[in-house]
Amino acid sequence: MEKELIHLSHISKSYDGSLVLDDLDLKIRENEFMTLLGPSGCGKTTTLRLLGGFETPDAGSVFFDGADITALPPNERKLNTVFQKYALFPHMSIAENIAFGLKISKKSKSYISDKIKYALKLVNLDGFEKRSVDSLSGGQQQRIAIARAIVNEPKVLLLDEPLGALDLKLRQDMQYELIRLKEELGITFVYVTHDQEEALTMSDTIVVMNQGYIQQIGTPEDIYNEPTNAFVADFIGDSNIIDGTMIKDKLVNILGVTIPCVDTGFGQNKPVDVVIRPEDVELSDPPNGFMEGDIVSIIFKGVHYEIEVRANGYDWLVHTTKLFSVGTHVGISVIPFNIQIMNKPESSDEKAVEIDV
Amino acid sequence: MYNFKRQFLSGPYIIWIVGFIVLPILVICYYGITDASGSFTLENIIAISEPIHMKALLLSLKLALVSTLLCLALSYPLAMILNGLHVKHQSFIVFIFVLPMWMNFMLRILAWQLILSNNGILNTVFQALGLPRVSLLNTPAAVVFGMVYDYLPFMILPIYNSMSRIGNDIVDAARDLGCNKFQVFAKIILPLTVSGVLSGIIMVFVPALTSFVISNLLGGGKVLLIGNVIEQEFMQNTNWNMGSGLSIVLMIFVIASMAFMNSHNKEGEGTAVW
Ligand SMILES: Nc1ncnc2c1ncn2[C@@H]1O[C@H](COP(=O)(O)OP(=O)(O)O)[C@@H](O)[C@H]1O
Ligand SMILES: [Mg+2]
């Protein structure tokens, strides 16, 4: 395990009296690809700006390599940022943009020109030195923004939704390129996105945020397979989230049916959230399954069909590769291992909010 | 069909341009290079070299230059302050600065005549404070004062516009790449506002160079600018030929100064005021 590089310690921040971050505590390790993931407005950019030095927290401290940098201005921090809207300097050529940070830190001419060449190669834009910012596409501008940041050899690269403005194909290409870059450079990435797929693809660690609170920190697998609450489950991929009652250990009641599960320790007759991933729902001919329902819609999604089944007053979301037809009466079953039981949110820390993403 | 429609739509503008811009210029050119009997001569243009005309032209250039520099010195910091304000207040303050432009120009200058005159408001206040009286009216300083007062918004607006177009993220990026606040100004703000400054200079320098009303009212006939000379040729001497000849010379100066500014405007987008 690499050593801890950044510690955001008990950070609070509000704008115009409304709390954006509430007692946020986050540690980032060296060489980690950490992603802050959450719906728009949950405080991701604010967190990143606190790291970059563009905002100061109302309470709490930022530690970098053990030193308190809370009051340090951005130009004195050993990290660089790739901004959401690229923020290239329009009055400079591409080479001048990339050289900007190096010139400010008074590097030699030959060092700078070597660095420009190296950085352009790294982002696959050799020969673009003399081009103007205007003449570049969005994807190219974003690569230049990345090149401009990394030539300064920061210990940490902060990226705020850097692929947000690109189209799907380009976004996917850039995702792979970013992973490659991170491996080549061996530096820490703190990456902000609201796109859960992007987060799952690229990250070592995902921090799921909502309304200024951290909901869960974990590897992509942890977050996907073991979401700690209904919000995370809902935000990471599609889920069936059903109100249930824990009858006793390993037995839960949903929609009037009592089924076995593997979770224990929730007490007896306690209200819980039951989360079932759509790919874990199995459809078969009745009377198989613990519940019966009718197929109301089928959408072909390429790899699978997305099917909606109305059963006991709930519309189940099902992903399957088997072909069914609308109106078919089917049985629903889920193996106990794939039934996730979660506590209903009690404090605002765990507040689960219905959102569309 | 489409093309025909487009041409039809541009009709009124063409009539306007021909009738109110091209024709008058042609008329001035005609008068400028003919004498009273209508035969060709360059006398009227060469007349600029007469000492009294030369003196007026040089004074005009000098006062226009001083006014422009003063406007610039006042406007740039002001635009920076404006731009730094909370967005909510910004448009209101800009509105305040533009407000005088909606008042009749003559009225504003007449008001200054009252304020600056020997028994005017300024001296009354000075006297009440036990300060010595100043006789500002009818001096070149009063003319410069009037020009700065009058043309200031034309300098502020283009500078403020170019400044407000610089995104916060550009400034953040510069800070992020190691700039302190002074470096941000020198390497980002200043170069990106050059186009605004240049169009501001044109917007102030050109009317200041050609003005005759301000010098009439605040200079009291004692400050003779080239605009006053031309006006006198037309109105008092009814020598249209001489007036036109000198106008041509002035026009050459105006065009030269605009060309000079444009050649220094690398951005090539600055001259739009709004
Ligand atoms: N400079 C600011 N002034 C006022 N409110 C702000 C400012 N920056 C962010 N906010 C508010 O803080 C909240 C979190 O914003 P942000 O961190 O940008 O969210 P995210 O990046 O996750 O979408 C939002 O409600 C936003 O409106
Ligand atoms: Mg954001």
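(A) A look at the overall build of chain A. On a plain count of helices and strands, chain A comes out with 8 helices and 20 strands. Counting only C-alpha atoms and orienting by the principal axes, one finds that chain A spans roughly 80 × 45 × 40 Å. Classification of the 357 residues of chain A by burial places 51% in the buried group. In chain A, the share of contacts with a sequence separation of at least 24, taken over all contacts with a separation of at least 6, comes to 65%. Accessible surface for chain A amounts to roughly 16300 Å². Of this, 49% is attributable to carbon and sulfur atoms. On chain A, the mean spot of the 34 positive side-chain charges and the mean spot of the 53 negative ones are 10 Å from each other.

(B) Molecular detail of the pattern of salt bridges. Residues and elements named next belong to chain A. The full count for this structure, using the stated rule, is 20 salt bridges over all chains. Of the charged contacts in the structure, one is a salt bridge between arginine 180 and glutamate 177, with a shortest N-O distance of 3.9 Å. With a gap of 3 residues between them, arginine 180 and glutamate 177 both fall in helix α5 (residues 168-185), about one helical turn apart. Using a relative accessible area of 13% as the deciding quantity, one classes glutamate 177 as buried.

(C) Main features of the sheet that holds strand β11 (residues 240-248) of chain A. All names here are of chain A. Read across the open sheet, the 5 strands follow the order β13-β12-β11-β14-β20; overall the sheet is antiparallel. Two strands in the sheet have a free side with no partner beyond their single neighbour: β13 (257-260) and β20 (340-343). When the angles between neighbouring strand axes are averaged without regard to direction, this sheet yields 40 degrees. Two elements, strand β14 (residues 270-276) and β20, share 4 bridges in a ladder whose sense is antiparallel. The residue bridging valine 275 from the neighbouring strand is glutamine 340, located in β20.

(D) Broad picture of the layout of surface pockets. Residue and element names in this part refer to chain B. Space inside the second largest pocket adds up to approximately 730 Å³. Lining the second largest pocket are 20 residues, and of these Asn83, Gly84, Ile166, Asn168 and Val171 lie nearest its centre. Going through the elements one at a time, α4 (51-84), α5 (87-98), α8 (140-164), α9 (168-176) and α10 (181-210) are the ones with two or more residues in the lining of the second largest pocket.

(E) Summary view of the site of ligand 1. Residue and element names in this part refer to chain A. As a structural note, the neighbourhood of ligand 1 is formed by Tyr15, Asp16, Val20, Pro39, Ser40, Gly41, Cys42, Gly43, Lys44, Thr45 and Thr46. Between ligand 1 and glycine 41, the relevant distance is 2.6 Å, taken from an oxygen atom to a main-chain nitrogen or oxygen of the residue. Within the backbone of lysine 44, an N or O atom sits 2.9 Å from an oxygen atom of ligand 1. The protein chains hide 58% of the 560 Å² of surface that ligand 1 would expose on its own. Tallying contributions element by element places helix α1 (residues 44-52) first for the shell around ligand 1, with 3 residues.

(F) Inspection of the interface of chain A and chain B at higher detail. Residue-level contacts link 21 residues of chain A with 17 residues of chain B. Regarding the contact of chain A and chain B, the summed buried area is about 1700 Å², with carbon and sulfur atoms giving 64% of it. A per-residue breakdown of the area chain A buries against chain B is headed by Asn75, His91 and Ile104 of chain A, which together make up 34% of the total. For the pair chain A and chain B, the number of links is 1 salt bridge. A salt bridge links arginine 49 of chain A to aspartate 172 of chain B, with the nearest nitrogen and oxygen atoms 3.0 Å apart.

(G) Focus on helix α12 (residues 226-235) of chain B. For α12 of chain B, the complete set of buried residues consists of Ile226, Gly227, Asn228, Val229, Ile230 and Glu233 of chain B. Its buried side turned inward, α12 of chain B meets α4, α10, α11 (213-219) and α13 (240-263) of chain B.

(H) Inspection of the nonpolar core at higher detail. Counting residues in hydrophobic clusters, the biggest one holds 70 residues, and the most contacted among them are Phe89 and Phe100 of chain A together with Ile188 of chain B. Setting aside its immediate chain neighbours within four residues, phenylalanine 89 of chain A contacts Asn97, Phe100, Val133 and Arg148 of chain A together with Ile170, Ala173, Ala174, Leu177 and Ile188 of chain B. In this structure, Tyr86, Ile144, Ile150 and Met202 of chain A belong to the second largest nonpolar core, which totals 37 residues.

(I) Quick peek at the confidence of the model for chain A. All names here are of chain A. Looking at chain A, pLDDT values average 91 and 96% of them are 70 or higher. Ranking the elements of chain A by mean pLDDT puts α5 last, at 87, and helix α2 (residues 94-104) first, at 97. Predicted confidence for residues 347-357 stays below pLDDT 50, and this span has 23 contacts to residues more than four positions away or in other chains.

(J) Local environment of the pairing of strand β6 (residues 79-82) of chain A. All names here are of chain A. Side chains of β6 alternate between two faces, with Leu79 and Thr81 and Asn80 and Val82 buried alike. Where β6 meets strand β7 (residues 156-160), 4 bridges bridge the pair, whose relative direction is parallel. Pairing of leucine 79 across the sheet is with valine 156, part of β7.

(K) Inspection of the sheet that holds strand β1 (residues 4-15) of chain A at higher detail. Read across the sheet, 4 strands follow the order β2-β1-β4-β5 (chain A) without closing on themselves; strand pairing throughout is antiparallel. The open sheet terminates on both sides in strands that have one partner only, identified here as β2 (18-29) and β5 (67-68) of chain A.

(L) Highlighting the packing of α4 of chain B against α13 of chain B. All names here are of chain B. Orientation of α4 relative to α13, taken along the N-to-C sense of each, is 35 degrees, at an axis distance of 13 Å. For the pair α4 and α13, the sense of crossing is right-handed. Residues His53, Leu57 and Leu61 of α4 touch α13, and the partners they reach there are Met242, Leu246, Leu250 and Phe253. Considered class by class, the residues forming the contact of α4 with α13 number 6 nonpolar, 1 polar and no charged.

(M) Structural context of unusual backbone geometry. Residues and elements named next belong to chain A. A cis amide bond links proline 286 to the next residue, proline 287, at an omega of 10 degrees. By the element assignment, proline 287 lies in the loop between β15 (282-284) and β16 (291-300). Look at aspartate 23: it is not a glycine, yet its phi comes out positive at around 50 degrees. Positionally, aspartate 23 belongs in strand β2.

(N) Molecular detail of the pairing of β2 of chain A. Of the strand pairs in this sheet, β1 of chain A and β2 of chain A are connected by 8 bridges, and their pairing is antiparallel. Note on β2 of chain A: the bridge partner recorded for isoleucine 11 of chain A is leucine 24 of chain A.

Criteria and cut-off values
Residues numbered from 1 in each chain as written. Chains lettered and ligands numbered in written order. Predicted model: local features only at pLDDT ≥ 70, side-chain atom pairs only at ≥ 80, totals over all residues. Heavy atoms only, no water. Helix = DSSP H or I, 4+ residues; strand = E, 2+ residues; numbered from the N terminus. Buried < 20%, exposed > 50% of the residue type's maximum accessible area, 1.4 Å probe, protein only. Contact = heavy atoms within 4.5 Å. Areas by Shrake-Rupley, 256 points an atom, 1.4 Å probe, with all protein chains shown as cover. Lys, Arg positive; Asp, Glu negative; His and termini not counted. Charge placed at Lys NZ, Arg CZ, Asp CG, Glu CD. Salt bridge = Lys/Arg side-chain N within 4 Å of Asp/Glu carboxyl O. Pairing = 2+ DSSP bridges. Axes fitted to C-alpha atoms, helices over the stretch in contact; angles between N-to-C directions. 1 Å grid on protein atoms, 1.4 Å probe; cavity = no way out; pocket = protein on both sides within 12 Å on 5 of 7 lines; lining within 4 Å. Points joined across faces, edges and corners; volume = space filled by probe spheres on them. Near = heavy atom within 4 Å. Polar contact = N/O pair within 3.5 Å; in protein donor to acceptor, adjacent residues only side chain to side chain. Buried area = accessible area lost by both parts, 1.4 Å probe. Core = buried A, V, L, I, M, F, W, Y, C linked by side-chain atoms within 4.5 Å. pLDDT = per-residue confidence, 0-100. Left-handed = near helix turned anticlockwise from the far one by under 90°. Nonpolar A, V, L, I, M, F, W, Y, C, P; charged D, E, K, R; others polar.

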